[in-house]
Amino acid sequence: MAVYKVKTTITGVFTSMDLVLDGKDIDLSYDGDHTYASTDLFDLSDKLGLQWAARGLSFQDYTITLAISKRNDDGSFAKPKNFEEDGTIPQGQVAQVHREISPESPDHE
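Residues numbered from 1 in each chain as written. Predicted model: local features only at pLDDT ≥ 70, side-chain atom pairs only at ≥ 80, totals over all residues. Heavy atoms only, no water.

Asks: Sorry if this is basic, but what is going on with the overall build of the protein here?
Replies: The secondary structure content of the protein amounts to zero helices and nine strands. Ordered by position from the N terminus, the helices and strands of the protein form the series β-β-β-β-β-β-β-β-β. Whereas a compact globule of 109 residues would reach a radius of gyration of roughly 13 Å, the protein reaches 14 Å, a difference of no more than 12%. Taking the principal axes of the C-alpha coordinates as reference, the protein spans close to 45 × 25 × 20 Å. In the protein, of all internal contacts separated by at least 6 residues, the share reaching a separation of at least 24 is 68%. Accessible surface for the protein amounts to roughly 6400 Å². Of this, 42% is attributable to carbon and sulfur atoms. For the protein, the centre of its 10 positive side-chain charges and the centre of its 19 negative side-chain charges are spaced 4 Å apart. (Helix = DSSP H or I, 4+ residues; strand = E, 2+ residues; numbered from the N terminus. Rg over C-alpha atoms; globule rule 2.2 N^0.38 Å. Contact = heavy atoms within 4.5 Å. Areas by Shrake-Rupley, 256 points an atom, 1.4 Å probe, with all protein chains shown as cover. Lys, Arg positive; Asp, Glu negative; His and termini not counted. Charge placed at Lys NZ, Arg CZ, Asp CG, Glu CD.)

Here it is, written out as structure tokens:
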């Protein structure tokens, strides 16, 4: 297993949102201007599970970005590799994203 730092950034306008990474409920901070964020550490042996569900204004665009960095032997973190998912909240529905992300090559999922 290796330790990874995951910086999550979600942009959009939402009335409610739930984020689960690797089975852990994630609390997000809000900057007051459509951006939610969190930084978390995970011990991963394989893939990082992402589950996200949100309600908001119909046809509101959203973007989920995960910057994933592996911890080096000296305790520092490698340059992050990014995973990005974007979309639009459907009218009267919940937007959902379910992914299994390889931390070594997240952009190739």
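Asks: Looking at this structure, how should I read the side chain of Ser38?
Replies: Position of Ser38 among the secondary structure elements: in strand β5 (residues 35-44). Judged by its relative accessible area of 10%, Ser38 is buried. A polar side-chain atom of Ser38 sits 2.6 Å from a polar atom in the side chain of Asp40. Excluding residues that lie within four positions of it along the chain, Ser38 makes contacts with Val6, Lys7, Thr8, Ile26, Asp27 and Leu28. (Buried < 20%, exposed > 50% of the residue type's maximum accessible area, 1.4 Å probe, protein only. Polar contact = N/O pair within 3.5 Å; in protein donor to acceptor, adjacent residues only side chain to side chain.)

Asks: I keep staring at the nonpolar core and nothing clicks. Help me out?
Replies: Burial of nonpolar side chains together is a common tendency in soluble globular proteins. With 24 residues, the main nonpolar core has Phe14, Leu21, Leu48, Leu50, Trp52, Tyr62 and Leu66 as its most contacted residues. Among the elements of the structure, β1 (2-11), β2 (14-21), β5, β6 (48-56), β7 (61-70) and β9 (95-101) are those that each provide at least two residues to this core. Those residues in contact with Leu48 that sit more than four places away from it in its chain are Val6, Leu21, Asp22, Phe42, Leu66, Ile68, Arg99, Glu100 and Ile101. (Core = buried A, V, L, I, M, F, W, Y, C linked by side-chain atoms within 4.5 Å.)

Asks: For this particular structure, what's the right way to read the sheet that holds strand β3 (residues 24-25)?
Replies: Strand pairing in a sheet takes place through backbone hydrogen bonds and is either antiparallel or parallel in direction. The strand order β3-β2-β6-β9 describes an open sheet built from four strands, whose pairing is antiparallel. Whereas interior strands pair on both sides, the edge strands pair on one side only; in this sheet they are β3 and β9. Alignment of β2 against β6, held across seven bridges, turns out to be antiparallel. In the strand pairing of β6, Ser16 is matched with Arg55. (Pairing = 2+ DSSP bridges.)

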